[in-house]
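Given next are the chains, with one letter for each unit.
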Amino acid sequence: MEITEDIRYIGVNDHDIDLFEGQYDVSENGMSYNSYVILSDKVAVADTVDAHFVDEWLGNLEAVLDGRTPDYLIVHHMEPDHSAGIAAFMERYPEAQVVSSAMAFKMMKNYFGTDFAGCSVVVKEGSELDLGAHKLAFVAAPNVHWPEVMFSYDAHDKVLFSADGFGKFGANDIEDPEGWSCEARRYYFGIVGKFGKNVQAVLKKAAGLDIQVICPLHGPVLKENLGYYLETYNTWSSYQPEDRGVTIAYASVYGHMKQTAEELAAALEERGQKVSLFDLARDDMAEAVEDAFRYDRLVLCSITYATGIFPFMSTFIHTLAEHNYQNRTIALVEGGSWMPMAAKVMKKQLAELSDITFTQAGVTVLGALDDDSRAQIATLADELSA
Ligand SMILES: Cc1cc2nc3c(=O)[nH]c(=O)nc-3n(C[C@H](O)[C@H](O)[C@H](O)COP(=O)(O)O)c2cc1C
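For clarity, every value in this text was computed on a predicted model and none was experimentally measured. (Residues numbered from 1 in each chain as written. Predicted model: local features only at pLDDT ≥ 70, side-chain atom pairs only at ≥ 80, totals over all residues.)

Caption draft 1: Fine view of the nonpolar core. The biggest cluster of nonpolar side chains holds 120 residues, and the ones touching the most others in it are Ile-248, Leu-264, Leu-280, Leu-300 and Met-313. Three or more residues apiece are contributed to this core by two domains, here domain 1 (7–237) and domain 2 (243–385). Once you skip the residues sitting within four places of it in the chain, Leu-300 turns out to touch Ala-249, Met-313, Ile-330, Leu-332, Val-333 and Met-346. (Core = buried A, V, L, I, M, F, W, Y, C linked by C-beta atoms within 7 Å. Buried ≥ 20, exposed ≤ 12 C-beta atoms within 10 Å, placed from the backbone. Domains from an automatic or database assignment. Contact = placed C-beta atoms within 7 Å.)

Below, the structure is given as structure tokens:
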């Protein structure tokens, strides 16, 4: 596939994978591992692919080389879904040089038993790789989302190679009916979300470049409306809510807390609020995390469980904290049969988060919903809709 006149796509699609990075469900739409070739006076290959697809990828590469031999293999990111083919590539093209950051070469030694000394080019922020007509400028992107990550920019075609930045779940050979943002957001908050400051830093550097194409390592190549993608990444990485709305996440055993969450959702919708409702034991937790970041208000509804909170709620709060969840309004709803204390426990667990506003109103359900707890739901819905 042609990205520009001189840049070709040689990535692969994985429809066998169930969990990306061991935890993100991609069983429906799969995953792509992107790789590119720059056919300039010199030939550079940008990144390899997952171990299961190295042969297919080498075939894709050979097809676009048209008899030429690669001069360079650029390694923007050492995570194995992009680096697994390095050794096989160097075996096939022993005259080529590997181009990467110093830290990436240390990782190569750990993965492959060699740091390719004698055929390595170490690059850092500001380094340039001269391919002839095309010259690649390297931009350090530490912790987006591994420490060794580099982006690179080709001023000739105005292309940014953005490693895992601007990545998306889903293979490239199927049309995502939800468009780019839904699965790109789940990807961002699951995988990159913790590193907002680092993303902000690299976005500032990117602001000085004239970018017309973004080539990420997962998902579609972005060619049009780039302002939208850059602005969306700016919103996500600065922890600003993207939309107004209420995410309700509940944990329930016998259904009373589920009913409470549903009645609160209905009350909020009656008041004109957008609501996104999750059963933390059954729904995809990464989607709950995604929507908690997407919207400005979050309601946590948990039963009291052995004087604590239900395990899925504990995991959810822990995951939010791990991803630097901040700058949101949170309401607490608890249930219990003899001594409800879930709200207190959730608040304690949430204490490590910064810039959180708790609503004044909350809801306590003793056993089953009654007039008193329904009145509390109405009061909370009013406060959240104000
Ligand atoms: C294993 C277990 C432990 C529980 N521990 C407590 C507790 O420590 N304090 C309490 O008030 N209720 C406790 N409960 C009661 C739950 O909070 C109860 O399920 C809730 O009132 C009803 O909500 P549900 O129908 O959504 O599960 C416990 C329930 C279970 C199943």
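There's plenty left to go through after this.
Caption draft 2: Region of the structure containing the UniProt feature "domain: Flavodoxin-like" (unreviewed entry) in the protein. UniProt's entry tags residues 246–386 with the feature "domain: Flavodoxin-like" (unreviewed entry), counted in the numbering of this structure. Secondary structure content for residues 246–386 is 43% helix and 31% strand, and the end C-alpha separation is 12 Å. (UniProt positions renumbered as here; feature names shortened; annotations may be inferred. Helix = DSSP H or I, 4+ residues; strand = E, 2+ residues; numbered from the N terminus.)

Caption draft 3: Expanded view of the site of the ligand. Around the ligand sit 19 residues in total, of which Ser-252, Tyr-254, His-256, Met-257 and Gly-336 are the nearest. Secondary structure elements with two or more residues in the shell around the ligand: α8 (256–270), β18 (295–305) and β20 (326–336). Each residue belonging to the shell around the ligand can be placed in one class, and the counts come to nine nonpolar, nine polar and one charged. (Near = placed C-beta within 6 Å. Nonpolar A, V, L, I, M, F, W, Y, C, P; charged D, E, K, R; others polar.)

Caption draft 4: Main features of the sheet that holds strand β6 (residues 36–39). Strand order in the open sheet made by the six strands is β1-β6-β7-β8-β9-β10, with mixed pairing throughout. Every other strand in the sheet has two partners, leaving β1 (7–9) and β10 (120–122) as the edge strands with one partner each. Taken over all neighbouring pairs, the strand axes of this sheet differ in orientation by 20 degrees on average, direction set aside. Examined bridge by bridge, β6 and strand β7 (residues 43–46) share four bridges and lie antiparallel to one another. Directly across from Leu-39, in β7, lies its bridge partner Val-43. (Pairing = 2+ DSSP bridges. Axes fitted to C-alpha atoms, helices over the stretch in contact; angles between N-to-C directions.)

Caption draft 5: Fine view of the domain arrangement of the protein. Segmenting the protein into domains produces domain 1 (7–237) and domain 2 (243–385). When each unit is reduced to the centre of its C-alpha atoms, the spacing between domain 1 and domain 2 is 38 Å. Facing nine residues of domain 1, the contacting portion of domain 2 comprises 10 residues. Mapped by element, the contributors of at least two residues to the side of domain 1 that touches domain 2 are β4 (24–25) and α5 (181–192). By residue number, the principal contributor to the side of domain 1 that touches domain 2 is α5, which donates four residues. Grouping the amino acids of the side of domain 1 that touches domain 2 by side-chain chemistry returns two nonpolar, three polar and four charged.

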